[in-house]
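What follows is the residue order along each chain.
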Amino acid sequence: MTTHARIGPIPAPVRAALPGLSPAWRRRLASLFWGLVSLGLFAGLWEGLWALDLVNPLLLPPPHLFLADIPGTLRYFDRSNRIGSLGGGGGVAALLITMGWTTMRVFVGLGLGFVCGVLVGALVHYVRALRNLLLPTVLLLAPISPVAWLPVAIFVFGIGDKPAIFLVFITLFFTIVLSTGAQIDSVPKTYIHVARIMGATGRQTFWRVVLPAILPSLFMTLRLNLFAAWMVVLIAETVGVGTGLGQITSMARSTFNAKLVFFTMAIVGGLGFLSDFALRQVQRKMLWWVSPGGTR
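What you see is a predicted model; the values in this text were computed from it and never measured.

### Considerations on a positive patch on the surface
- Taken together, the side chains of Arg 27, Arg 28, Arg 284 and Lys 285 define a basic patch exposed on the protein surface.
- Elements with a minimum of two residues in the positive patch: α2 (23-51) and α12 (258-286).

### Description of α2
- Between its first and last C-alpha atoms α2 spans 41 Å; for 29 residues at 1.5 Å apiece the expected length is 42 Å, and the two agree.
- Those residues of α2 not exposed but buried are Arg 26, Ala 30 and Trp 46.
- Asp 53, located one to two residues past α2, shows a positive phi value of around 60°.

### A short note on the packing of aromatic side chains
- Considering all chains together, one arrives at 14 aromatic pairs under this definition.
- Arranged with centres 5.2 Å apart and planes meeting at 75°, the rings of Phe 33 and Trp 34 form a pair that is edge-to-face.
- Centroid distance Phe 66 to Phe 262: 6.0 Å. Interplanar angle 25°. Geometry classified as stacked. With Phe 66 in helix α3 (residues 63-66) and Phe 262 in helix α12, this pair connects stretches of sequence that are 196 residues apart.
- Judged by relative accessible area, Phe 262 falls into the buried class, the value being 14%.
- Grouped by ring-pair contacts, the aromatic residues Trp 149, Phe 157, Phe 166, Phe 169, Phe 173 and Phe 174 constitute a single cluster.

### Some details on the pattern of salt bridges
- Overall, the coordinates contain four salt bridges when judged by the stated rule.
- The shortest N-O distance in the salt bridge between Asp 276 and Arg 223 comes to 3.1 Å. Of the two residues, Asp 276 sits in helix α12 while Arg 223 sits in helix α10 (residues 202-241), which places them 53 residues apart along the sequence.
- With a closest N to O distance of 3.1 Å, Arg 280 and Asp 276 form a salt bridge. With Arg 280 and Asp 276 both in helix α12 and four residues apart, this pair spans about one turn of that helix.
- Here Asp 276 falls in the buried class, since its relative accessible area comes to 11%.
- Three or more residues joined by partner-sharing salt bridges are found here, namely Arg 105, Asp 161 and Glu 237.

Thresholds applied
Residues numbered from 1 in each chain as written. Predicted model: local features only at pLDDT ≥ 70, side-chain atom pairs only at ≥ 80, totals over all residues. Heavy atoms only, no water. Patch = residues over 30% accessible without salt bridge, like charges linked within 9 Å, V, L, I, M, F, W, Y side chains within 5 Å. Areas by Shrake-Rupley, 256 points an atom, 1.4 Å probe, with all protein chains shown as cover. Salt bridge = Lys/Arg side-chain N within 4 Å of Asp/Glu carboxyl O. Lys, Arg positive; Asp, Glu negative; His and termini not counted. Charge placed at Lys NZ, Arg CZ, Asp CG, Glu CD. Helix = DSSP H or I, 4+ residues; strand = E, 2+ residues; numbered from the N terminus. Expected span 1.5 Å × (residues − 1). Buried < 20%, exposed > 50% of the residue type's maximum accessible area, 1.4 Å probe, protein only. Phe/Tyr/Trp six-rings, centres within 6.5 Å; stacked < 30°, edge-to-face > 60°.

Here's what the structure looks like:
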């Protein structure tokens, strides 16, 4: 399985302007080039629809409108992470703090969900008693939407960061549990036989053979659920946290502030893109035995 998205061909301007760069840097610049082209086409289409008077700028303001008054937009953001606290004055620092709290909730929830999911999935696979006891419950709870867990999270954890982290945890946990068991079953038996022939114990076989074999697929599952985690955390922040980018979006919707809505959406999209990029870098560093083409 490939561990990263393939990019398009390296554009001729990039090859001609930077002949001395290594192939790796050329690929990075090509990826950046095509990303800018993609965003430019999207923004250009949006601006074109506005110029042709095909969209209502009050409902769907184009980028040049909702980015025109950034200082005025930033005053809606606050430095504090406490519900009911006095406003902190807004500004770039308040925006960064708000982004930081939302990002923290996403990554803490994903980290806990990934680690606990792999642990429980392995135990369910190897321990028959736990498999008989836990697997039916996991299969029962897995189809429930993470949003449906929001009232439960508020009842158990109250208002604050914990409900949002719990919802992100739930978004990933059951998927990783089931995926871990399926991936362990798919490990080639020859790997296991070779490890046993070389005298490896059961624990050594798991840590040095099975886990490295299943981690690439589990990381792909983690990346696929990253964007769902961002969706869920915004909903949780609207109701169960009362702060963060989700709360800003909810306030903008309630006050019919379309510029603030789209500005916050752009921030969330940028954070999601950067989160996926960071996760790919972690994946590349941790899974050093997986080649760029996906072969081990």
